[in-house]
Amino acid sequence: MLSLSQALLEHYDAQAPTYQTYPGFEQFKQAFGPRHYAQALEHRRQSVLTRLKPLSIYVHLPFCEKLCYFCNRDKIVTKRYSKTLAYLELIEQELKLQVEHLGGKPKISQLHLTGGTPTYLHESELESLDTILKSYTVFTPNIDMSLDIDPRTINNHGLAALHHLGFKRLNFGVQDCDVSVQRAVHRLQDFDAIQGLIEHSRVLGFECCSLELLYGLPKQTQRSFEATLSRVLELDSDRVKLTLYRHQPEHFSPQNKIKAQDLPSKLLALKLFNTALTTLNQAGYEYIGLDLFAKDGDPLSVAKRRGSLSRNFLGFGHQPHTDLMALGMSGVGSMGSTYSQNATTLEEYRLFLERKQLPVVKGCALSRDDLLRKSIIMTLMCQGHVSFDAIDEAYLIDFDAYFAQEMKQLRRLEAEGLVKLSAKSLDVTELGRILVRTIAAVFDRYWTPGLSSTV
Ligand code: SF4
């Protein structure tokens with residue numbers, strides 16, 4: 001049974017990055033702009049290795065009806081629903097520009113809608129988005145289509161429309177079931193309504209329902225969180241995502257509305273994670289890694305056992321790694337050996353597109369060292385096993401010499417039971433899987449322990 005001891009809980013540095021990207025956002029530079037992203041797209045077009053491979057796309061739909069105080073996303077809270085149509089036109093312009101640089105319609109094997117609140121869009125608008133995407137790309141026959149759902153913005157009819165469009169996976173934002181916690185974060189939602197939606201999504205035949213919970217929220221206590229977990233188990237979802245709330249009001253203004261004195265201590269937040277770990281484990285959920293749990297038989301659980309898990313900006317996946325095209329304001333894409341981020345305000349995003357420019361405001365071209373470290377970090381997160389010979393061959397280095405400093409830190413982590421080292425490999429232990437960010441951070445040349453990351 002997975003669990004952390006009190007000593008490790010105290011030692012655990014929960015501020016280490018989650019490595020949705022490596023390097024993290026802090027390394028994205030404004031010197032990387034539309035021209036560099038266009039080059040990355042054209043490089044893909046010219047490469048025989050990549051141009052026939054399918055892409056993943058995610059679309060950032062920024063609109064929300066109400067503001068949640070814990071929010072750290074780029075969103076627009078408005079009741080002016082007419083804004084969405086103009087936004088879809090911008091999405092179409094951006095996609096058209098990207099596809100021009102790719103030199104033809106790319107194949108798409110994964111599509112994810114996030115936000116904001118994707119289900120803020122009316123059913124007919126989601127259909128329009130589908131039409132736009134299909135006009136400029138080719139969906140593969142078994143395309144994996146998923147979206148994030150704010151349960152307050154959808155009903156059974158809306159679920160049926162999503163199923164009709166081909167969506168297979170639904171991520172419901174639950175966050176916490178306790179009313180005082182919900183009040184403290186300004187997100188009141190009815191448990192019975194969520195339960196009804198999940199039951200109906202099963203009737204409709206969706207392949208996977210995932211629930212998102214946050215721990216470390218204001219007013220959360222050991223008892224309230226245990227009650228939330230037991231309600232979550234009643235929902236019997238296929239996956240549970242458990243994310244630490246990071247209080248960073250200096251970066252995310254809505255968080256200023258959260259009273260610091262209502263927040264659980266760092267130690268309590270970690271105890272809540274530990275409670276979730278044991279509760280979900282006992283209920284039959286397998287720990288996939290970082291923040292994710294899946295039932296036995298779920299594609300993620302199967303991929304984990306086969307050693308074929310992948311990870312990108314959207315999290316863990318069971319399909320092989322693909323380039324990720326981001327559409328919409330603030331979208332973060334990963335194309336070849338680059339990351340790029342779109343303009344984070346609607347005005348700026350629109351201005352770029354009016355000038356017929358790709359709306360990229362910053363990004364990062366990975367150096368050889370970045371690619372090497374990224375490969376090790378993602379392998380640690382997904383497979384938990386790094387072969388030194390394989391790295392030496394792929395990057396023409398001598399692992400021991402190149403990572404002499406890191407090996408010293410790994411030996412310390414070995415003494416703590418987080419990794420096992422041999423002359424030829426590094427393996428993450430069962431305990432180390434829970435603390436894998438700490439292990440991965442050893443290879444992160446940009447991160448300083450004690451500094452919190454926004455990634
Ligand atoms: S948490 Fe989601 S629904 Fe709430 S304001 Fe942020 S993006 Fe909108």
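What counts and what doesn't
- Residues numbered from 1 in each chain as written.
- Predicted model: local features only at pLDDT ≥ 70, side-chain atom pairs only at ≥ 80, totals over all residues.
- Heavy atoms only, no water.
- Helix = DSSP H or I, 4+ residues; strand = E, 2+ residues; numbered from the N terminus.
- Buried < 20%, exposed > 50% of the residue type's maximum accessible area, 1.4 Å probe, protein only.
- Contact = heavy atoms within 4.5 Å.
- Domains from an automatic or database assignment.
- Buried area = accessible area lost by both parts, 1.4 Å probe.
- Salt bridge = Lys/Arg side-chain N within 4 Å of Asp/Glu carboxyl O.
- Phe/Tyr/Trp six-rings, centres within 6.5 Å; stacked < 30°, edge-to-face > 60°.
- Lys NZ or Arg CZ within 6 Å of the ring centre and 35° of its normal.
- 1 Å grid on protein atoms, 1.4 Å probe; cavity = no way out; pocket = protein on both sides within 12 Å on 5 of 7 lines; lining within 4 Å.
- Points joined across faces, edges and corners; volume = space filled by probe spheres on them.
- Nonpolar A, V, L, I, M, F, W, Y, C, P; charged D, E, K, R; others polar.
- Pairing = 2+ DSSP bridges.
- Right-handed = clockwise from strand over helix to strand, strands pointing away.
- Axes fitted to C-alpha atoms, helices over the stretch in contact; angles between N-to-C directions.
- Near = heavy atom within 4 Å.
- Parallel < 35°, antiparallel > 145°, perpendicular 65-115°, else oblique.
- Left-handed = near helix turned anticlockwise from the far one by under 90°.

Bringing the side chain of threonine 119 into the picture now. Here threonine 119 lies in the loop between β4 (107-115) and α4 (123-136). Its relative accessible area of 7% is what places threonine 119 among the buried residues. With residues near it in sequence (within four places) discarded, threonine 119 still touches Leu147, Asp148, Ile149, Asp150, Thr153, Ile154 and Leu162.

Our next topic: the domain arrangement of the chain. Taken domain by domain, the chain holds domain 1 (31-365) and domain 2 (368-441). Taken over C-alpha atoms, the centre of domain 1 sits 29 Å from the centre of domain 2. In this complex, domain 1 contributes 16 residues to the contact, which on the side of domain 2 involves 11 residues. When the two sides are added together, the surface that domain 1 and domain 2 hide from each other amounts to roughly 1100 Å², 56% of it contributed by carbon and sulfur. Counting the surface domain 1 buries against domain 2, the share from its top three residues, Tyr287, Leu290 and Arg311, is 35%. The tally of links from domain 1 across to domain 2 stands at 0 salt bridges.

As a further point, take the packing of aromatic side chains. On inspection of all chains with the given rule, the structure shows 17 aromatic pairs. Ring geometry for tyrosine 215 versus phenylalanine 273: centroids 5.5 Å apart, planes at 35 degrees, classification tilted. Of this pair, tyrosine 215 sits in strand β7 (residues 208-215) while phenylalanine 273 is found in helix α9 (residues 266-282), placing the two residues 58 residues apart along the sequence. Judged by relative accessible area, which is 2%, phenylalanine 273 ranks as buried. Ring centres of phenylalanine 399 and phenylalanine 403 lie 4.8 Å apart, and the angle between their planes is 50 degrees; this geometry places the pair in the tilted category. Owing to a relative accessible area of 0%, phenylalanine 403 belongs among the buried residues under this scheme. Chaining the aromatic ring pairs together yields one cluster made of Phe25, Phe28, Tyr58, Phe313 and Tyr339. The side chain of arginine 355 reaches across the aromatic face of phenylalanine 352, ending 5.1 Å from its centre.

Estimated volume of the second largest pocket: approximately 840 Å³. What lines the second largest pocket is a set of 34 residues, and nearest its centre among them are His321, Asp323, Gly336, Ser337 and Lys374. Secondary structure elements with two or more residues in the lining of the second largest pocket: α2 (34-46), β11 (310-312), β14 (332-335) and α12 (368-382). Looking at which element gives the most residues to the lining of the second largest pocket, the answer is α12, with 6 residues. Grouping the amino acids of the lining of the second largest pocket by side-chain chemistry returns 12 nonpolar, 17 polar and 5 charged.

So, about the pairing of β7. With respect to burial, β7 is a largely interior element, 8 of its 8 residues being buried. Residues Cys208, Ser210, Glu212 and Leu214 line one face of β7 and the alternating positions Cys209, Leu211, Leu213 and Tyr215 line the opposite face, and both faces are buried. Here 6 bridges tie strand β6 (residues 169-175) to β7, and the two strands are oriented parallel to one another. What sits directly across from leucine 170, in β7, is cysteine 209. Where β7 lies against strand β8 (residues 239-244), 6 bridges are found, and the strand directions are parallel. The residue bridging glutamate 212 from the neighbouring strand is lysine 241, located in β8. In this fold, the crossover linking β7 to β8 by way of helix α8 (residues 222-235) has right-handed handedness.

Strand order in the open sheet made by the 3 strands is β17-β19-β18, with antiparallel pairing throughout. Each edge of the sheet is formed by a strand with only one pairing partner; in this case those strands are β17 (385-387) and β18 (419-421). Strand after strand, the sheet turns through a mean of 10 degrees between neighbouring axes, direction not considered. Along the sheet face, helix α13 (residues 388-395) touches β17, β18 and β19 (425-428) and points at about 55 degrees away from the line of β17. Along the sheet, helix α15 (residues 404-415) makes contact with β18 and β19, crossing β18 at roughly 120 degrees.

This paragraph deals with the site of the ligand. Around the ligand, the neighbouring residues are Cys64, Lys66, Cys68, Phe70, Cys71, Arg73, Gly116, Thr117, Asp150 and Arg187. Looking at the shell around the ligand residue by residue, the class counts come to 4 nonpolar, 2 polar and 4 charged.

The subject of this paragraph is the packing of helix α7 (residues 191-204) against α8. The interhelical angle for the contact between α7 and α8, taken along N-to-C directions, is 25 degrees, at an axis separation of 10 Å. When the interaxial angle is binned, α7 and α8 end up roughly parallel. Note that α7 runs across α8; the crossing there is right-handed. Only Arg231, Glu234 and Leu235 of α8 make contact with α7, whose side of the interface consists of Phe191, Ile194, Gln195, Ile198 and Arg202. For the contact of α7 with α8, the per-class residue count stands at 4 nonpolar, 1 polar and 3 charged.

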